[in-house]
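Read off the chains here:
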Amino acid sequence: MSVSEIQKVTARIGARVSGVDLSRPLDAETAAAIREALNVHKALVFDDVNLDDAGQQAFVRHFGDVTTAHPTVSSVDGVPNVLPVDSERGRAANHWHTDVTFVLNPPQASTLRSITIPPYGGETLIADSAAAYRQLPDSLRQLADTLWAEHTNDYDYAAPEEELDEQQAAQRAQFTSIKYRTVHPVVRVHPLTGERGLFIGGFAQRIVGLSPGESRKILDLLQAYVTRPENILRHRWSENQLVLFDNRITQHYAVDNYDGLPRRLHRVTVAGDVPVGVEGKESYSIEGDASHYTSVASAESVAA
């Protein structure tokens, strides 16, 4: 891949990659070039990919083991490694989050492929959490470096329980059918680039050692830096597109602005390593076994 085939989409995050046929096996040089582009740009857009579920999984396997679809949510019928991100299954993704941070080793990278696109709206926002970290004032950055946060899937992030209809209640029950609680560093060190990024998002519910109220204030303050407009790629979907983003150093948000029209993406994720904080300490699990969902990637295998 040449530099001319990688075009920045915004100053801080995102690039469009051309000249690569993702439906064919990648040679080692091309796979390494895509990995390097991902390290630099954090989110990559591929047009006219012409992939099916098997092809999407084959592409993802160039970067590591494929996870199953989700720890608790069902996959596409007959395809256990593909998660349907479907408007008919609710709007659970319309909050800022990093995928599956409630488990010990969240995915290192995620891919989304367009299946059904509404005629307007339905964008995916992807934010650069490394840029957010760099923007923190020195005193706040020093504080963030010392903090750890508990991430969990067992909380009400969409709507109060009394406002849920029967289908939404069933979806929430499925999402929390296995309860997970994991403690991650608020500042994660990227295993390949050494960059520091704010590793928080919607599943981060409490700062270790602080009350829920104190935690919320700190998390909201830090989150405000992540979601500054200049740190965000706003991706408007077209047919036959695939977006690959680094789940270790980004957050994303599905915009619910398409009047309930059909919208469907398919997600395949790459097994990740255990996050490491500034002092070299690893995340640790409090509750919930995710071994059915993902293998644990070593830093060496991630770098390969």
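For every chain, the first residue of its written sequence is number 1, and the numbers climb from 1 along that sequence. Owing to the predicted nature of the model, reporting of local features is limited to residues with pLDDT of at least 70; listing and counting of side-chain atom pairs is limited to 80 or more, with chain, interface and lining totals taken over all residues. Side-chain calculation: all heavy atoms of the structure are included, whereas hydrogens and water are not.

The chain has the name TauD/TfdA family dioxygenase in an unreviewed UniProt entry, where Streptomyces guryensis is given as its organism. UniProt positions are given in the numbering used here, feature names are shortened, and annotations may be inferred rather than shown by experiment. The record held by UniProt for the chain lists under Cofactor (unreviewed entry) the comment "Fe(2+)". Checking UniProt for the chain, the heading Sequence similarities (unreviewed entry) contains the comment "Belongs to the TfdA dioxygenase family."

Chemist: Provide a residue-level description of the overall build of the chain, including the pertinent values.
Modeler: A run of DSSP states H or I qualifies as a helix once it reaches four residues; a run of E qualifies as a strand once it reaches two. Both are numbered from the N-terminal end. Counting its secondary structure elements, the chain contains seven helices and 16 strands. Radius of gyration (C-alpha) of the chain: 18 Å, near the 19 Å computed for a compact globule of 304 residues. Considered along the principal axes of its C-alpha atoms, the chain spans approximately 50 × 45 × 35 Å. The 304 residues of the chain split such that 52% are buried. Every residue pair with non-hydrogen atoms within 4.5 Å of one another is taken to be in contact. For the chain, contacts bridging at least 24 residues in sequence account for 82% of all contacts bridging at least 6. Surface accessibility follows the Shrake-Rupley procedure with a 1.4 Å probe radius. Residue values consider only the protein chains on display as shielding. Of the accessible surface of the chain, which amounts to about 13200 Å², a share of 50% is contributed by carbon and sulfur atoms. Charge convention: Lys and Arg are scored as positive, Asp and Glu as negative, and His as well as the terminal groups of each chain are ignored. Lysine's charge is taken at NZ, arginine's at CZ, aspartate's at CG and glutamate's at CD. Taken as two groups, the 28 positive and 40 negative side-chain charges of the chain have centres that lie 4 Å from each other. Based on C-alpha atoms, the radius of gyration is set beside the globule rule, defined as 2.2 Å times the residue count to the power 0.38. Each residue's exposure class comes from its accessible area (1.4 Å probe, protein chains only) as a fraction of the maximum for that residue type: buried when under 20%, exposed when over 50%, partly exposed otherwise.

Chemist: Explain unusual backbone geometry to me, using residue names and the numbers behind them.
Modeler: Phi angles above zero are rare outside glycine, and Val100 is one such case at about 55°. Examined against the element boundaries, Val100 turns out to sit in the loop between β4 (83-86) and β5 (109-116). Relative accessible area serves as the criterion here: at 3%, Val100 is assigned to the buried category. Phi is positive for Asp259, close to 55°, though the residue is something other than glycine. Looking at the element boundaries, Asp259 is found in the loop between β14 (250-254) and β15 (264-270).

Chemist: Residue-level account of the pattern of salt bridges, with values.
Modeler: Put simply, a salt bridge is a Lys or Arg side-chain nitrogen that is within 4 Å of an Asp or Glu carboxyl oxygen. Counted by the stated rule, this structure contains 18 salt bridges. Across the pair Arg234 and Glu123 runs a salt bridge, and its minimum N-O distance is 3.6 Å. One end of the pair, Arg234, is in strand β12 (residues 232-235); the other, Glu123, is in the loop between β5 and β6 (124-128), and 111 residues separate them in sequence. With relative accessibility at 11%, the residue Glu123 sits in the buried group. Among the salt bridges present, the one from Glu150 reaches Arg206, with a minimum N-O distance of 3.2 Å. Taken together, the positions of Glu150 in strand β7 (residues 148-152) and Arg206 in strand β11 (residues 204-207) put the pair 56 residues apart, joining distant regions of the chain. Residue classification places Glu150 among the buried residues on the basis of a relative accessible area of 9%.

Chemist: Break down the sheet that holds β14 for me, citing the residues and quoting the values.
Modeler: Pairing is antiparallel across the open sheet formed by three strands, whose spatial order is β12-β6-β14. Edge strands, defined here as strands with exactly one partner in the open sheet, are β12 and β14. Averaged over all pairs of adjacent strands, the angle between their axes in this sheet comes to 20°, without regard to strand direction. When DSSP finds two or more bridges between two strands, those strands count as paired. Looking at chain direction, β6 and β14 are connected through five bridges and run antiparallel. Each residue of the ladder has a partner; that of Asp128, found in β14, is Thr250. Angles shown run from 0 to 180 degrees and are taken between the N-to-C directions of axes, each axis being a line fitted to C-alpha atoms and, for helices, limited to the stretch in contact.

Chemist: How would you sum up helix α6 (residues 212-226)? Please name residues and give values.
Modeler: Expected span, for any helix, means 1.5 Å times one less than how many residues it has. In this model α6 runs 21 Å from its N-terminal to its C-terminal C-alpha over 15 residues, within 8% of the 21 Å that 1.5 Å per residue would give. Taken as a whole, α6 has its buried residues at Ser215, Ile218, Leu219, Leu222, Gln223, Tyr225 and Val226. The buried side chains of α6 occupy one side of the element, clustering within an arc of 145° when seen end-on. Arc, as used here, means the arc of the directions from the helix axis to the C-beta atoms.

Chemist: A description of the nonpolar core should follow, citing residues and the corresponding values.
Modeler: Of all hydrophobic cores here, the largest spans 25 residues; its most connected members are Leu22, Ile34, Leu44, Phe46, Phe59, Leu242 and Leu244. When residues of this core are assigned to their parent elements, the largest contribution, four residues, is made by helix α1 (residues 28-41). Among all residues touching Leu22, those that are not within four sequence positions of it are Phe46, Val49, Leu51, Phe59 and Leu242. Residues Leu147, Ala149, Ile207 and Val226 belong to the second largest nonpolar core, which totals 23 residues. Here, nonpolar core refers to any group of buried Ala, Val, Leu, Ile, Met, Phe, Trp, Tyr and Cys residues whose side-chain atoms link them within 4.5 Å.

Chemist: Summarise the sheet that holds β5; cite the residues concerned and give the values.
Modeler: Spatial ordering of the open sheet is given by β1-β2-β3-β13-β5-β15-β4, a layout of seven strands whose pairing is mixed. Of all the strands in the sheet, just β1 (6-8) and β4 have a single pairing partner and so form its edges. Taking each pair of neighbouring strands and ignoring which way they run, the sheet shows an average axis angle of 25°. In the sheet, β1 pairs with strand β2 (residues 15-17) via three bridges, with the strands oriented antiparallel. The residue bridging Ile6 from the neighbouring strand is Val17, located in β2. Helix-sheet contacts for helix α2 (residues 53-60) involve β3 (43-46), β5, β13 (242-246) and β15, and the interaxial angle to β15 is about 30°.

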